[in-house]
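One letter stands for each residue in the lines below.
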Amino acid sequence: MNLLSSVSPMSPPGLLVAILTLLFMLGCGTAGRGDDDTQGDDDTQGDDDTQGDDDDDTQGDDDDDTTTPSPQPCNGHVELCDRPFDQVALPGTHNSMSNEAAGWLFPNQSYGITRQLEDGIRGLMLDTHYWNDDLYLCHSYCNLGSQLLVDGLAEIRDFMQANPREVLVIIFQDGITAADTAAAFDAVGLEPFLHGQQVGDRWPTLGQMIELGRRLVITAESEAPPPPWYHHAWDFYFDTPYQFLTVAEFNCEVNRGDSDNDLFLVNHWLGLVSSLSNAQTANAWDVLSQRAEDCRDVYQRIPNLLAVDFYEQGELFQVVDSLNGVAK
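Residues numbered from 1 in each chain as written. Predicted model: local features only at pLDDT ≥ 70, side-chain atom pairs only at ≥ 80, totals over all residues. Heavy atoms only, no water.

K.L.:
How should I be thinking about the environment of Y311 in this particular structure?
P.N.:
Note on placement: Y311 falls in the loop between β10 (305-308) and α9 (316-324). C-alpha separation for the pair Y311 and S110, spaced 201 residues apart in sequence, amounts to 8.2 Å. (Helix = DSSP H or I, 4+ residues; strand = E, 2+ residues; numbered from the N terminus.)

Take a look at the structure:
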């Protein structure tokens, strides 16, 4: 329909007004449609909300895709995970079961096995005996102090269960048979943790031992396999002398075993009877680190077990970290 034909004839001014009115109306309609489009744009703002979702989702995806779990440590240090067992130094205690906290006479340590392990000790030297028709941890004379072997082993089991990234060693001065020792290990459920090693075979890394769960190495000074995890100590270790009265007497001579063996035990304590004052002297940084370095230089290999009395005296853990080349 022609809008102009529906109106009566007008004078030019009236016609001009009508044309302007028509243009205005058409413009308003266009503006309304533009507003509708803009509302569509408002829908796009809904897309903006979706964009916010994209941001959130993308952030979540970024977190999932780019965040790498931190490497898990082995014996407290990531750097040790790829090292073979025979290339790692461990802090150890001499006569580990003999401790003041449990009331032992003439103790070698202040604390019992659990506290030692919690504090960072990873090598235990334990003496086994038959006494009172049972199996005990004692030092020479059980009347001076004793602990049932299964109770001591249960402490080790509990620590290993609670700390799945730790590798430990035990050296037994064994006064009981390998079979009786094995029965005690079975009784407390330690067998799944035990590592078996053949003489001459390459040692696994700490990481591999942890992955397999076989992270407890046992040696004994007298007995030998079987069972296959009950290693004869001097087939694998060689050690230094262990009776020194003064710092000047400390040396790195071979005492037992062969210097070609895989593992190196440094016995480091003073006096015929252990004391805190002797430990403070022996375990001081300048004494302990110097001896460890001297022994390393002599055999061109790291001491694998550094064993002391009253480990909390002096700088045992710092010296071991230095030998391993890891941060203190």
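K.L.:
Mind showing me how you'd approach the state of the cysteines here?
P.N.:
Applying the stated criterion across every chain, the model contains 3 disulfides. The residue that forms a disulfide with C74 is C81, at a sulfur-sulfur distance of 2.1 Å. Taking the torsion about the S-S bond as the criterion, the C74 to C81 disulfide, at about 105°, is right-handed. Note on accessibility: C74 and C81 belong to one class, buried. One disulfide in the model links C252 with C295; its S-S distance is 2.0 Å. Taking the torsion about the sulfur-sulfur bond, which here is approximately -90°, the covalent link between C252 and C295 counts as left-handed. Separated by 43 residues along the polypeptide, C252 in the loop between β8 (237-239) and β9 (263-268) and C295 in helix α8 (residues 285-299) bring together distant segments of the chain. The two residues C252 and C295 agree in class, both being buried. (Disulfide = S-S within 2.5 Å. Buried < 20%, exposed > 50% of the residue type's maximum accessible area, 1.4 Å probe, protein only.)

K.L.:
Just checking my understanding: could you explain helix α4 (residues 178-188) for this structure?
P.N.:
A turn of α-helix holds 3.6 residues, and therefore any two residues three or four places apart point the same way. Among all positions in α4, only A178, T181, A182, A184, F185 and V188 are buried. One face of α4 carries all of its buried residues, which in axial projection span an arc of 160°. Of the exposed residues in α4, the ones pointing more than 90 degrees away from its buried face are A179 and A187. Residues of α4 that are buried make contact with β3 (134-138), α3 (149-162), β5 (168-174), β6 (216-220) and β7 (230-232). (Arc of directions from axis to C-beta. Contact = heavy atoms within 4.5 Å.)

K.L.:
Looking at this structure, how should I read the layout of surface pockets?
P.N.:
In this approach the atoms are scanned with a rolling probe the size of a water molecule, which exposes any empty space left behind. By volume, the largest pocket is sized at about 550 Å³. Lining the largest pocket are 27 residues; nearest its centre among them are H94, N95, N108, H139 and L272. Listing elements by their share of the lining of the largest pocket, those giving two or more residues are β2 (123-131) and β5. Across the lining of the largest pocket, the residue classes break down as 11 nonpolar, 12 polar and 4 charged. Reported here for the second largest pocket is a volume of approximately 210 Å³. In terms of lining residues, the second largest pocket is bounded by 15 residues, among which N75, H77, P91, G120 and D321 are the most central. (1 Å grid on protein atoms, 1.4 Å probe; cavity = no way out; pocket = protein on both sides within 12 Å on 5 of 7 lines; lining within 4 Å. Points joined across faces, edges and corners; volume = space filled by probe spheres on them. Nonpolar A, V, L, I, M, F, W, Y, C, P; charged D, E, K, R; others polar.)

K.L.:
Looking at this structure, I do not really get the nonpolar core. What am I missing?
P.N.:
Soluble globular proteins: nonpolar side chains tend toward being buried together. By size, the foremost hydrophobic cluster in this structure holds 49 residues, and its most contacted members are I156 and L216. A per-element tally of this core places α3 first, with 6 residues. Each residue touching L216, except ones within four places of it in the same chain, is listed here: M160, L168, V169, I170, F185, L190, F193, L194 and H195. By size, the runner-up hydrophobic cluster in this structure holds 25 residues, among which are L80, F85, W234 and F236. (Core = buried A, V, L, I, M, F, W, Y, C linked by side-chain atoms within 4.5 Å.)

In short, geometric facts, not functional conclusions.
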